[in-house]
Amino acid sequence: MADAKPLYDTYNRVPIVFERGNGVWLETPEGERYLDFAAGIAVNSLGHAHPHLVEALKAQADRVWHLSNLFEIPDQSRMARRLTEVTFADKVFFTNSGAEALECAIKTARRHFYVNGQPERYGIITVEGAFHGRTLATIAAGGQAKYLEGFGPKTAGFDQVPFGDHEALKAAINENTAAILVEPIQGEGGIRPLPVECMRGLRDLCDEHGLLLILDEVQTGVGRTGRLFAHEWAGIEPDIMAVAKGIGGGFPFGACLATANAADGMTAGTHGTTYGGNPLAMAVGNAVLDVILEEGFLTHVNDVALVMRQGLASLKDRYPDLIADVRGSGLMLGIKCAKSNTDLVMAMRNEHILAVPAGDNVVRLLPPLTVTAEEAREALSKIEGALDMLSRSSSAN
Ligand SMILES: *Cc1c(COP(=O)(O)O)cnc(C)c1O
């Protein structure tokens, strides 16, 4: 039967339609322009309609769209080779999304212990406030009640400890533990960075207990924090890493990266996907890498990040009643609000700049990594306009 609203009611959608995008800008059918500091929630890493990506996708569309993974897909091997050349990883499995990359990471860790004679080690320790996706296993990993409620028994094998509590983490390790899974900076949780000492502490703890360290770099990865991957800031390497979002520049795909040792259980027939690593995704992914790996690209990210950081610090000084803190790394920035984060997101939208709310009363700024210093200053002036409007409306009350 026809419903007036035929889509699942799972999203509270903002009633704005964007018809086209160009770089950091999105445009409505009426020609209204918005500065996109949400980037599809850290997805459009190179902005909208990046010419190199458009060309790669169009050229591939003329050749072949889909091949099953029963055949060689040269661009898939090339993409994997390039990823292994610039990371800790020896092996890569391509997926269609972040949650699937996490599923693969979890399966890889469990299977590693299984083939090494320790099938009882399947437990994964995660951190409160985490977000790892919306599949049944990843909501269990994330452990957030609001995502678990009503979906039947929570998938077994995930133990959660408070954020930043190293002692609780140590205490949670037992004979069933296989791995520790964390985001270097919690994204949905509110741009909460794990300090580099904690990241190093986690690596040491894993080594001490023979555990695998799994990093969820779905949001932090591929240049977002000013390094290719956020864990590089701590000078450590994981055993397994989930990537998605920015790596596709807007084309849906993800990847699970692992050392040869961690991936030793993932033999023929143990895992699979119909669409993962398809030629269209690989054409775009290789094009994204062409740009991100170019010399000077990450320097650009760090330079613009500094403009944003300084501008936000000054706004914090001027609006202490509205901004409690500014945090994050690179172009993954969070404004911790003293009042309501959703009010600020709305006020910013009125100024024609898009941002995303996150947990812990934070507004996330996740612009395309190609954003220029000039566009960053334009964003700051729009944010200032929003803060000004909010401070005037609250003093009027
Ligand atoms: C978005 C996100 C995911 C889930 O990715 P999907 O593509 O939505 O499945 C997992 N982990 C983190 C850190 C994310 O930000």
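The rules we used
- Residues numbered from 1 in each chain as written.
- Predicted model: local features only at pLDDT ≥ 70, side-chain atom pairs only at ≥ 80, totals over all residues.
- Heavy atoms only, no water.
- Helix = DSSP H or I, 4+ residues; strand = E, 2+ residues; numbered from the N terminus.
- Buried < 20%, exposed > 50% of the residue type's maximum accessible area, 1.4 Å probe, protein only.
- Contact = heavy atoms within 4.5 Å.
- Areas by Shrake-Rupley, 256 points an atom, 1.4 Å probe, with all protein chains shown as cover.
- Pairing = 2+ DSSP bridges.
- Axes fitted to C-alpha atoms, helices over the stretch in contact; angles between N-to-C directions.
- Salt bridge = Lys/Arg side-chain N within 4 Å of Asp/Glu carboxyl O.
- Core = buried A, V, L, I, M, F, W, Y, C linked by side-chain atoms within 4.5 Å.
- Domains from an automatic or database assignment.
- Phe/Tyr/Trp six-rings, centres within 6.5 Å; stacked < 30°, edge-to-face > 60°.
- Lys NZ or Arg CZ within 6 Å of the ring centre and 35° of its normal.
- Parallel < 35°, antiparallel > 145°, perpendicular 65-115°, else oblique.
- Left-handed = near helix turned anticlockwise from the far one by under 90°.
- Nonpolar A, V, L, I, M, F, W, Y, C, P; charged D, E, K, R; others polar.
- Near = heavy atom within 4 Å.
- Polar contact = N/O pair within 3.5 Å; in protein donor to acceptor, adjacent residues only side chain to side chain.
- Arc of directions from axis to C-beta.
- Buried area = accessible area lost by both parts, 1.4 Å probe.

**A few points about the overall build of the protein chain**
Stage number 1. Across its full length, the protein chain carries 12 helices and 17 strands.
Stage number 2. With the C-alpha coordinates of the protein chain rotated into their principal frame, the extents come out at 65 × 55 × 55 Å.
Stage number 3. Residue burial in the protein chain is summarised as follows: out of 397 residues, 51% are buried.
Stage number 4. Restricting the contact set of the protein chain to residue pairs at least 6 apart, pairs at least 24 apart contribute 72%.
Stage number 5. A total of about 18200 Å² of accessible surface is found on the protein chain, and carbon and sulfur atoms cover 52% of it.

**Considerations on the sheet that holds strand S7 (residues 177-182)**
Pairing between the strands of a sheet comes from backbone hydrogen bonds, and it takes one of two forms, parallel or antiparallel.
Stage number 1. Taken in spatial order, the 7 strands line up as S4-S12-S11-S10-S7-S5-S6 in an open sheet, and their pairing is mixed. Here the strands that pair on one side only, and so sit at the sheet edges, are strand S4 (91-95) and strand S6 (158-161). Strand-to-strand twist in this sheet, taken as the mean axis angle between neighbours without regard to direction, amounts to 20 degrees.
Stage number 2. Judged from the 4 bridges that link them, strand S11 (residues 240-243) and strand S12 (residues 254-258) form a sheet pairing that is antiparallel. Opposite Ile240, over in S12, you have Ala258 as the bridge partner.
Stage number 3. Sheet contacts for helix H8 (residues 196-209): S7 and strand S10 (212-216); angle to S10, the most-contacted strand, approximately 145 degrees.

**Quick notes on the pattern of salt bridges**
Stage number 1. Applying the stated criterion across every chain, the model contains 10 salt bridges.
Stage number 2. Ionic pairing is found between Glu167 and Lys170, a salt bridge with its closest N-O pair at 3.7 Å. One end of the pair is Glu167 and the other is Lys170, both in helix H7 (residues 166-172) and 3 residues apart, which spans about a single turn.
Stage number 3. A relative accessible area of 37% means that Lys170 is categorised as partly exposed.
Stage number 4. A salt bridge links Asp360 to Arg327; the nearest nitrogen and oxygen atoms lie 2.7 Å apart. Of this pair, Asp360 sits in the loop between strand S16 (356-358) and strand S17 (362-365) while Arg327 sits in strand S13 (residues 323-329), and the two are 33 residues apart along the sequence.
Stage number 5. Residue classification places Asp360 among the partly exposed residues on the basis of a relative accessible area of 37%.

**What about the nonpolar core?**
Stage number 1. By size, the foremost hydrophobic cluster in this structure holds 63 residues, and its most contacted members are Leu312 and Leu365.
Stage number 2. When residues are assigned to domains, this core turns out to be shared by domain 1 (20-47 + 297-396) and domain 2 (64-292), each giving three or more.
Stage number 3. The contact partners of Leu312, leaving out residues within four places of it in the chain, are Val326, Leu333, Ile335, Leu365, Leu380 and Ile383.
Stage number 4. If you look at the next biggest cluster of nonpolar residues, it comprises 25 residues, including Ala140, Ala178, Ala242 and Ala262.

**Regarding the packing of aromatic side chains**
Stage number 1. Tallied over the full model, the rule gives 3 aromatic pairs.
Stage number 2. Measuring from centroid to centroid gives 5.7 Å for Phe131 and Tyr147, while their planes differ by 75 degrees, and the two rings are edge-to-face. One end of the pair, Phe131, is in the loop between strand S5 (123-127) and helix H5 (136-142); the other, Tyr147, is in helix H6 (residues 145-148), with 16 residues separating them in the sequence.
Stage number 3. The side chain of Arg192 reaches across the aromatic face of Phe163, ending 4.1 Å from its centre.
Stage number 4. Stacked on the ring of Trp233, the Lys or Arg Arg227 has its end atom at 5.0 Å from the ring centre.

**Focus on the packing of helix H3 (residues 74-86) against helix H9 (residues 279-292)**
Stage number 1. In contact at an axis separation of 9 Å, H3 and H9 are set at 30 degrees when each is read in the N-to-C sense. By the angle between their axes, H3 is roughly parallel relative to H9. In the packing of H3 onto H9, the handedness of the crossing is left-handed. Across the interface between the two elements, Asp75, Gln76, Arg78, Met79, Arg82 and Leu83 from H3 touch Met282, Ala283, Gly285, Asn286, Leu289 and Asp290 from H9.
Stage number 2. Per-class residue counts for the contact of H3 with H9 are 5 nonpolar, 3 polar and 4 charged.

**Concerning the site of the ligand**
Stage number 1. In the region of the ligand, the neighbouring residues are Ser97, Gly98, Ala99, Phe131, His132, Gly133, Glu183, Asp216, Val218, Gln219 and Lys245.
Stage number 2. Gly98 has a polar backbone atom sitting 2.8 Å from an oxygen atom of the ligand.
Stage number 3. One nitrogen or oxygen atom from the main chain of Phe131 is found 3.2 Å from a nitrogen atom belonging to the ligand.
Stage number 4. Starting from 380 Å² of accessible surface for the ligand in isolation, the protein chains cover 81%.

**Remarks on helix H11 (residues 341-350)**
Stage number 1. Along H11, the positions that sit buried rather than exposed are Asn341, Leu344, Val345, Ala347 and Met348. The buried residues of H11 all sit within an arc of 165 degrees when viewed along its axis, so they share a single face.
Stage number 2. Once H11 finishes, His352 follows within two positions and takes phi at roughly 65 degrees, a positive value.

**A look at the sheet that holds strand S2 (residues 25-27)**
Stage number 1. In space, the 4 strands of this open sheet follow the order S1-S2-S3-S15, with mixed pairing throughout. Unpaired on one side and paired on the other, strand S1 (20-22) and strand S15 (353-354) mark the two borders of the sheet.
Stage number 2. Relative to strand S3 (residues 33-36), S2 runs antiparallel, the two sharing 3 bridges. Directly across from Glu27, in S3, lies its bridge partner Arg33.

**Some details on the domain arrangement of the protein chain**
Stage number 1. What the domain assignment reports for the protein chain is domain 1 (20-47 + 297-396) and domain 2 (64-292).
Stage number 2. If you average the C-alpha positions of domain 1 and of domain 2, the two centres end up 28 Å apart.
Stage number 3. Listed per partner, the contact involves 27 residues of domain 1 and 26 residues of domain 2.
Stage number 4. Both sides together, the interface formed by domain 1 and domain 2 hides about 2100 Å², and carbon and sulfur atoms give 63% of it.

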